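Fold and contact review
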2 protein chains.
Amino acid sequence: MEYETPLFFHVMRYAVRADRDVIDMVSGNPDWEPPEALREGLREYADLESSEFQYPPSDGLLELREEIAARRGVDRDQVVVTNGAGEANYLAMARALERDRGSEVLLTDPVYPYYPGKTTLLGGSQRFVAAGEDGQLDPERVREAASTDTSCLVVNTPNNPTGAVYPEETMRELVAVAEEYDAILLSDEVYDHYDLSGTFASALGVESENRIVTDSVSKTLAITGFRVGYAVFPHDLAEEAKSRHMLINVAGSRPAQYAVLDALRETDPAYHEANRELLAERVETFTGALEAAGAEYTRPDGAFYVMARFEGYPGTLENVEALIDDIGVAGMPGEAFGDSRSDWLRFALVTPRVEEAAERLAERFG
Amino acid sequence: MEYETPLFFHVMRYAVRADRDVIDMVSGNPDWEPPEALREGLREYADLESSEFQYPPSDGLLELREEIAARRGVDRDQVVVTNGAGEANYLAMARALERDRGSEVLLTDPVYPYYPGKTTLLGGSQRFVAAGEDGQLDPERVREAASTDTSCLVVNTPNNPTGAVYPEETMRELVAVAEEYDAILLSDEVYDHYDLSGTFASALGVESENRIVTDSVSKTLAITGFRVGYAVFPHDLAEEAKSRHMLINVAGSRPAQYAVLDALRETDPAYHEANRELLAERVETFTGALEAAGAEYTRPDGAFYVMARFEGYPGTLENVEALIDDIGVAGMPGEAFGDSRSDWLRFALVTPRVEEAAERLAERFG
């Protein structure tokens with residue numbers, strides 16, 4: 001079996017091995033600080049009794065599930081703490097496919113490349129619905145693509161790579177399409193704390209037995225390496241997802257869960273506000289330089305990414321590698337996100353050197 | 001789809017809710033201390049730069065893979081760091097089944113209940129080979145059960161629940177059977193640091209492209225909740241297992257991996273020796289009391305468990321629950337481990353109250 005291994009690791013390796021200074025804008029690793037309570041939580045944990053070092057409940061520390069449930073306005077029995085949103089999405093897609101409503105997974109184009117990879121792993125087939133130029137998803141196009149063979153619709157808002165934030169109406173319509181075919185809407189909301197537009201609407205805002213929401217603290221608390229995420233299931237779908245989680249992973253890592261619980265409890269909204277402001281400034285800086293260079297570019301409403309198109313320089317892996325060698329700026333090839341953005345490059349604004357990167361790009365292409 | 005959810009969690013929940021003092025001998029959670037270097041590693045990690053809080057390499061921190069590779073005498077490219085041995089076993093069984101050599105998984109009876117659960121999850125079928133009364137596995141019986149439909153043979157040494165440690169000759173023969181049918185021998189060796197007999201032989205001692213070894217530090221370092229395990233694959237099988245790992249979990253939890261690396265580097269063999277001595281003393285105490293009570297029992301050569309059979313008291317879930325209510329001793333029903341041990345109860349010697357538990361059992365059944 002061949003999987004579509006995401007290209008991230010390939011590009012990162014290339015950048016690390018390059019024989020020059022490279023500004024890393026490949027992957028969505030925040031470069032800002034996690035909350036201080038997170039570090040404090042780890043120190044506290046290190047001194048606990050050894051019984052606290054043993055298996056946590058399979059579906060996550062009870063208090064962490066309660067904290068998440070309270071924040072999301074759901075019942076704690078619906079919450080499964082996972083090894084990051086990666087596992088949460090896997091569990092959700094598996095759960096959708098094993099309902100035997102169909103074997104097709106509707107994805108967007110452009111798409112976050114792990115979704116097609118998971119679809120293939122799970123034996124599902126893929127159908128892509130094109131997002132608009134502005135990254136928005138037209139629910140009518142989703143409706144046209146849906147059929148009785150649709151098991152699952154996977155969306156991501158705020159969106160990687162387009163930066164689109166879907167309005168409440170879109171979310172409501174997407175849930176409606178899922179209900180029409182008794183399929184599952186899977187809404188991956190890992191960038192929910194990086195909505196720069198104020199228009200973010202969680203799928204949890206629409207009551208339904210046909211939607212699963214996944215999220216994580218990887219971006220929220222700037223700790224992608226801790227691997228603490230979660231899925232919120234409808235009551236009827238939770239138990240078997242928990243069994244799959246148990247049979248694959250037994251449980252998630254307890255030191256990480258403990259520290260995250262502390263951080264969630266003690267971190268002020270000002271922490272998130274400051275991160276959004278930092279990101280908004282970087283968007284200004286970066287898009288300003290792209291504008292000056294005469295490039296086409298996206299202006300994200302949320303998430304970490306700007307896409308850019310340079311005349312005569314399509315978004316191939318080859319061109320990404322050439323850019324690393326020539327000017328020391330590492331992005332991601334647009335073709336990694338599907339056919340529609342193959343002329344584009346994606347840059348993650350997770351480096352203090354955004355301005356320098358923009359200048360290098362402006363000089364190269366301006 | 002129905003999975004065979006292990007009964008551990010059910011029994012533990014029953015024990016916690018019981019209206020009396022209960023000695024917990026259900027699950028294999030060590031009650032001894034982790035090495036001090038483990039705690040120190042967590043404290044160190046809490047103070048690192050925030051870049052160290054981001055995604056580790058998908059297959060594990062490079063230095064951790066190198067440490068494991070050096071200890072096991074394999075190439076680091078063969079090592080995948082997983083979310084505990086649970087995920088390692090899942091990846092190994094998945095890898096065996098997707099080779100399309102057959103859909104059958106050979107398991108032992110008695111069996112660790114997660115193996116049949118994973119087999120079902122992966123769409124494989126099961127065939128059981130009975131272990132002897134003493135827990136030893138006769139490779140000839142395995143050979144008789146094997147066929148061209150065999151994709152995988154799963155063994156566990158030192159064994160949970162029997163306490164058997166398979167000698168080198170058994171391991172060599174099991175690898176030979178796997179090679180005869182181009183199947184995979186999966187050897188789960190999580191109790192390798194708890195061999196009380198001095199006869200433990202890893203499957204890695206037999207060179208072959210047909211064996212995968214899984215292990216973890218959960219028992220070795222008394223940290224079942226950290227979820228750090230690993231699988232050692234033949235070179236040809238490693239890449240696709242790493243893809244599956246990446247597509248499901250992205251990576252393992254970094255604080256846990258960091259602390260484990262510190263602990264592996266700095267922990268003296270005396271730490272493991274002391275744990276084995278503690279376990280050996282508990283075996284003496286517990287089996288002595290069972291002897292006095294006139295019960296049949298196993299005397300483990302390794303791992304954490306003693307099985308006991310009391311006249312007229314079969315190892316059903318009902319009887320386990322009654323024992324919790326009546327005398328406050330919580331074990332596991334033998335029937336959870338397969339038909340052959342359905343008359344037996346399993347007790348995990350991971351409590352300082354082993355002597356008290358033995359006295360309660362002696363009083364109840366003596």
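Scope of this entry: the structure provided in the associated data block. Just so we're clear, the structure is a prediction, and the values are computed from it rather than from any experiment.

1. Side note on the overall build of chain A
Regarding its fold elements, chain A presents 12 helices and 13 strands. Over its C-alpha trace chain A gives a radius of gyration of 20 Å, about what one expects of a compact globule, namely 21 Å for 366 residues. Relative to its full complement of 366 residues, chain A shows a buried share of 65%. Look at the contacts in chain A between residues 6 or more apart in sequence, and 76% of them connect residues 24 or more apart.

2. Describing the interface of chain A and chain B
Taken together, the contact between chain A and chain B spans 58 residues of the former and 59 residues of the latter. Note on chain A versus chain B: buried area summed over both sides is about 5,100 Å², and carbon and sulfur give 56% of it. Considering only the surface of chain A that becomes buried against chain B, Phe53(A), Tyr55(A) and Leu247(A) emerge as the three largest contributors, covering 15% of it. Remark: the boundary between chain A and chain B carries 2 salt bridges.

3. Concerning the side chain of Arg360(A)
Residue and element names in this part refer to chain A. With respect to the secondary-structure elements, Arg360 resides in helix α12 (residues 354-365). Residue classification places Arg360 among the buried residues on the basis of a relative accessible area of 16%. Polar contacts involving the side chain of Arg360 include one to the main-chain carbonyl oxygen of Ile327, which spans 2.9 Å. Sequence-distant contacts of Arg360, that is, excluding residues within four places in its chain, are made with Arg20, Asp21, Ile23, Ile327, Gly328, Val329 and Arg353.

4. Describing the sheet that holds strand β9 (residues 296-297) of chain A
Residues and elements named next belong to chain A. An order of β9-β10-β13-β12 is seen for the 4 strands of this open sheet, with the pairing classed as antiparallel. Both edges of this open sheet fall to β9 and β12 (332-333), since each of them pairs with a single strand only. Pairing of strand β10 (residues 305-309) with strand β13 (residues 345-348) involves 4 bridges; the strand directions are antiparallel. Bridge pairing in β13 links Tyr305 to Ala348.

What counts, and at which threshold
Each chain carries its own residue numbering, running from 1 in the direction its sequence is written. For this description, chains carry letters from A and ligands carry numbers from 1, given in the order in which they are written. Whole-chain, interface and lining totals are the exception, using all residues; otherwise, since this is a predicted model, local features are given only for residues with pLDDT of at least 70 and side-chain atom pairs are given and counted only at 80 or more. With hydrogens and water excluded, all non-hydrogen atoms of the structure serve as input to the side-chain values. For the purposes of this entry, the term helix denotes a DSSP run of H or I that reaches at least four residues, the term strand denotes a run of E that reaches at least two, and both are numbered from the N terminus. For the radius of gyration, the atom set is restricted to C-alpha positions; the globular benchmark scales as 2.2 Å times the number of residues to the power 0.38. Buried means the residue's accessible area, taken with a 1.4 Å probe over protein chains only, is under 20% of the maximum for its type, while exposed means over 50%, and partly exposed covers the values in between. Any pair of residues with heavy atoms lying within 4.5 Å of one another is described as a contacting pair. Buried surface area refers to the total accessible area, computed with a probe of radius 1.4 Å, that the two partners give up upon joining, counted for both partners together. Salt bridge, as applied in this entry: a Lys or Arg side-chain nitrogen positioned within 4 Å of an Asp or Glu carboxyl oxygen. Counting of polar contacts relies on pairs of N or O atoms within 3.5 Å, with two restrictions inside protein: one atom must be capable of donating a hydrogen and the other of accepting it, and residues adjacent in sequence are counted only when both atoms are side-chain atoms. Two strands form a pair only when DSSP identifies at least two bridges running between them.

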